[in-house]
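Chain by chain, the residues run as shown.
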Amino acid sequence: MTWQRHADRLADALTRAGALAPDWREAFAQTPRHVFVPHYFADEDNSRVDADTTAGLAAVYADESLITQVAPHPGGGFEVPTSSSTRPSLMARMLDMLDVTSTTTVLEIGTGTGYNTALLCHRLGDRQVTSVDIDPLLVETARTRLAALDYHPHLAAGDGADGVPTRAPFDRIIATAAVTAIPPAWITQLTAGGRIVADIRGDLASALIVADKTSPHQVRGRFHDTPGHFMWLRARAEHPLRNGTDPATVFDFTDPEHATTTIPIDVFTDRSFRFLLQAALPDLGPISGPDGGGVFLHAEDCSWIQLRPGRDTATVTYGGPRALWPTVNDTWHRWHRWHRPSIDRYGITAHDDGRHHIWLDHDHTTVATTGAPCALR
């Protein structure tokens, strides 16, 4: 089977699933994904699979995210993904969310393989497309692949959080790398009435946001109950972790505080609760558990909480530089009092001075806020 038949079948499948809008079908059907993903790394063991095999070509045109680059973890002993080709159905939905016309200019944050850049070029023309990636090697490889299809968009190597000021303003910004908040530069570089489509995530939850520029210094929009789970917008090309530094992993368990709680342990698996908890404590790391031994939470500064299930209540032990437990406890009670709202009831208002507010139902009902510029990726 030729790549063209694979691409047609992919476009048909995405259309049947309701992911691919008619205006984007031709781009997906006529863009050879294997040119941008000549090989990928298997999830199980990071073994390389080439697209010039029957199985490899079929996988490239399946509706799956594919890891395309890995790097050693600074802790040693294993590799972590540093680039991927996004699941086509997710990309199709995000492109539809952009709401482009034939004259729209687009900034893509996260060039990666160049496949999504090619989809944008097919629909809009390459002169209207700008893309940036932290990794110069990825940028140059994508440039070569795009040129093979006679696409010559403006590609830049640099920190995606800074946008591309020399090409601004843009009518649309789409981010295929995750951020914890909308970077101020994106707001500054957006035209009046422009739109940002991005994945706002932390280590607890991920959700797509569609935010429109409602004033010269802010964007406002609602979350979609759709996780992106994109790789992080990284600070340094040579470091695989988002902040460009090795993580702190030394916890001080001496002289902890103690409490009890009626909060059910399994609530920490609930995505809508995790979303609100992440909004309240954006630097929380991945949660361990829940299991028979309970739940362990920690923050970037190595503050920590251990919850262990009991007969009627759970025991709580916490310590470190900050007392995280009062915030976790308050967040659960608020979420429960609000009748456990789903993620699509939340929205965000972000300002170009770095302030952002997450709100519930209406923008005057703020549930979390920060006044600091976006420092975490």
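You'll find the structure just up there.
Worth saying up front: this structure is predicted, and the values here are computed from it rather than measured.

The rules behind these values
- Residue numbers here run from 1 along each chain, matching the order of that chain's written sequence.
- Since the coordinates come from a predicted model, pLDDT governs what is reported: local features require at least 70, and pairs of side-chain atoms require 80 or more to be given and counted, while whole-chain, interface and lining totals use all residues.
- To get the side-chain values, all heavy atoms of the structure are used, and hydrogens and water are removed first.
- A run of H or I in DSSP counts as a helix once it spans at least four residues, and a run of E counts as a strand once it spans at least two, with each numbered from the N terminus.
- For every residue, the accessible area (1.4 Å probe, protein chains only) is compared with the maximum for its type, and the residue is labelled buried under 20%, exposed over 50%, or partly exposed between those bounds.
- Any pair of residues with heavy atoms lying within 4.5 Å of one another is described as a contacting pair.
- Reported accessibility uses the Shrake-Rupley method at a 1.4 Å probe radius. Residues are deemed covered only where the shown protein chains occlude them.
- His residues and chain termini do not enter the charge count, which takes Lys and Arg as positive and Asp and Glu as negative.
- Charged side chains are reduced to one point each, which is NZ for Lys, CZ for Arg, CG for Asp and CD for Glu.
- Side-chain rings of Phe, Tyr and Trp, where Trp is taken by its six-membered ring, are said to pair if the distance between their centres is within 6.5 Å; with planes under 30 degrees apart they count as stacked, over 60 as edge-to-face, and otherwise as tilted.
- We call a set of buried residues a nonpolar core when its members are Ala, Val, Leu, Ile, Met, Phe, Trp, Tyr or Cys and they connect through side-chain atoms within 4.5 Å of each other.
- Any helix carries an expected span of 1.5 Å times its number of residues minus one.
- Strand pairing is assigned whenever DSSP detects at least two bridges linking the two strands.
- Between N-to-C directions, angles cover 0 to 180 degrees, with each direction set by a line fitted to C-alpha atoms, over the stretch in contact for helices.

Caption draft 1: Up close: the overall build of the protein chain. Along the protein chain, the regular secondary structure elements total 10 helices and 19 strands. In terms of overall dimensions, the protein chain has a C-alpha envelope of 65 × 50 × 40 Å along the principal axes. Put simply, the protein chain has 377 residues, and 53% of those count as buried. Sequence separation of 24 or more characterises 56% of the internal contacts of the protein chain that already satisfy a separation of 6 or more. Accessible area for the protein chain stands at about 16,400 Å²; split by element, carbon and sulfur atoms hold 50% of it. Here the protein chain contributes 33 positively and 45 negatively charged side chains, and the mean placements of these two sets differ by 4 Å.

Caption draft 2: Fine view of the packing of aromatic side chains. By the definition in use, this model includes 10 aromatic pairs. On the basis of an interplanar angle of 80 degrees and a centroid distance of 5.6 Å, the ring pair of Phe-268 and Phe-273 is categorised as edge-to-face. Both rings, one in Phe-296 and one in Trp-304, keep their centres 6.4 Å apart while their planes meet at 20 degrees; by these two values the pair is stacked. As far as the burial class goes, Phe-296 and Trp-304 line up, both buried.

Caption draft 3: Structural context of helix 9 (residues 271–280). Counting buried residues along helix 9, eight of its 10 residues qualify, which places the element largely inside the surrounding structure. When we look at burial in helix 9, the residues that qualify are Ser-272, Phe-273, Arg-274, Phe-275, Leu-276, Leu-277, Gln-278 and Ala-279.

Caption draft 4: Region of interest: the environment of Thr-117. With respect to the helices and strands, Thr-117 occurs in helix 6 (residues 115–124). Separated by 226 residues in sequence, Thr-117 and Ile-343 place their C-alpha atoms 29 Å apart. Excluding residues that lie within four positions of it along the chain, Thr-117 makes contacts with Glu-108, Thr-111, Val-129, Ser-131, Leu-146, Pro-153 and Leu-155.

Caption draft 5: View of the nonpolar core. Ranked by internal contacts, the top residues of the largest apolar core, which has 59 residues, are Trp-186, Phe-223 and Phe-268. Element by element, the count of residues in this core is highest for helix 9, at five residues. Not counting residues within four places of it along the chain, the set of residues in contact with Trp-186 comprises Ile-109, Gly-160, Ala-161, Gly-163, Ile-173, Ala-175, Val-179, Ile-196, Ala-198 and Leu-233. Core analysis: the next-biggest nonpolar cluster, separate from the first, contains 38 residues, Leu-10, Tyr-115, Leu-155 and Ile-174 among them.

Caption draft 6: Broad picture of helix 10 (residues 325–337). Here helix 10 spans 18 Å end to end across 13 residues, near enough to the 18 Å set by a 1.5 Å rise per residue. Among the residues making up helix 10, those that are buried are Trp-325, Val-328, Thr-331, Trp-332, Arg-334 and Trp-335. Its buried side turned inward, helix 10 meets strand 12 (257–261), helix 9, strand 15 (304–308), strand 16 (314–319), strand 17 (346–351) and strand 19 (366–370). Directly beyond the C-terminal end of helix 10, a positive phi value near 65 degrees is found at His-339.

Caption draft 7: Representation of the side chain of Gln-306 in the model. Take Gln-306: it is sitting in strand 15. Of the residues examined, Gln-306 reaches a relative accessible area of 16% and is grouped as buried. If near-sequence neighbours (up to four positions away) are discounted, Gln-306 is found in contact with Gly-293, Gly-294, Val-295, Phe-296, Thr-315, Val-316 and Thr-317.

Caption draft 8: Molecular detail of the side chain of Arg-172. Tracing the chain through its elements places Arg-172 in strand 8 (residues 170–175). In this view, Arg-172 contacts Leu-98, Asp-99, Val-100, Thr-104, Thr-105, Val-106, Leu-107, Leu-190, Gly-193, Gly-194 and Arg-195; residues no more than four positions away in its chain are not counted.

Caption draft 9: Spotlight on the sheet that holds strand 18 (residues 356–360). One open sheet accounts for 10 strands, arranged 7-6-5-8-9-10-11-17-18-19; its pairing is mixed. Because the sheet does not close on itself, it has two edges, and the strands there are strand 7 (154–157) and strand 19. Each strand axis lies, on average, 15 degrees off the axis of its neighbour in the sheet, ignoring direction.

Caption draft 10: Structural detail: the sheet that holds strand 14 (residues 294–298). Read from one edge of the open sheet, five strands run 12-16-15-14-13, paired in antiparallel fashion. Sheet topology places strand 12 and strand 13 (288–291) at the edges, where each strand pairs with a single neighbour. Taken over all neighbouring pairs, the strand axes of this sheet differ in orientation by 20 degrees on average, direction set aside.

Caption draft 11: Unusual backbone geometry, seen in detail. The amide bond that connects Ala-168 to the next residue, Pro-169, takes the cis arrangement and shows omega of 5 degrees. A cis amide bond links Gly-289 with the next residue in sequence, Pro-290, at an omega value of 0 degrees. With respect to the helices and strands, the residue Pro-290 is situated in strand 13. Even without a glycine there, the phi angle at His-339 is positive, about 65 degrees. Along the chain, the position of His-339 falls in the loop between helix 10 and strand 17. His-339 gets classed as exposed once you look at its relative accessible area, which sits at 70%.

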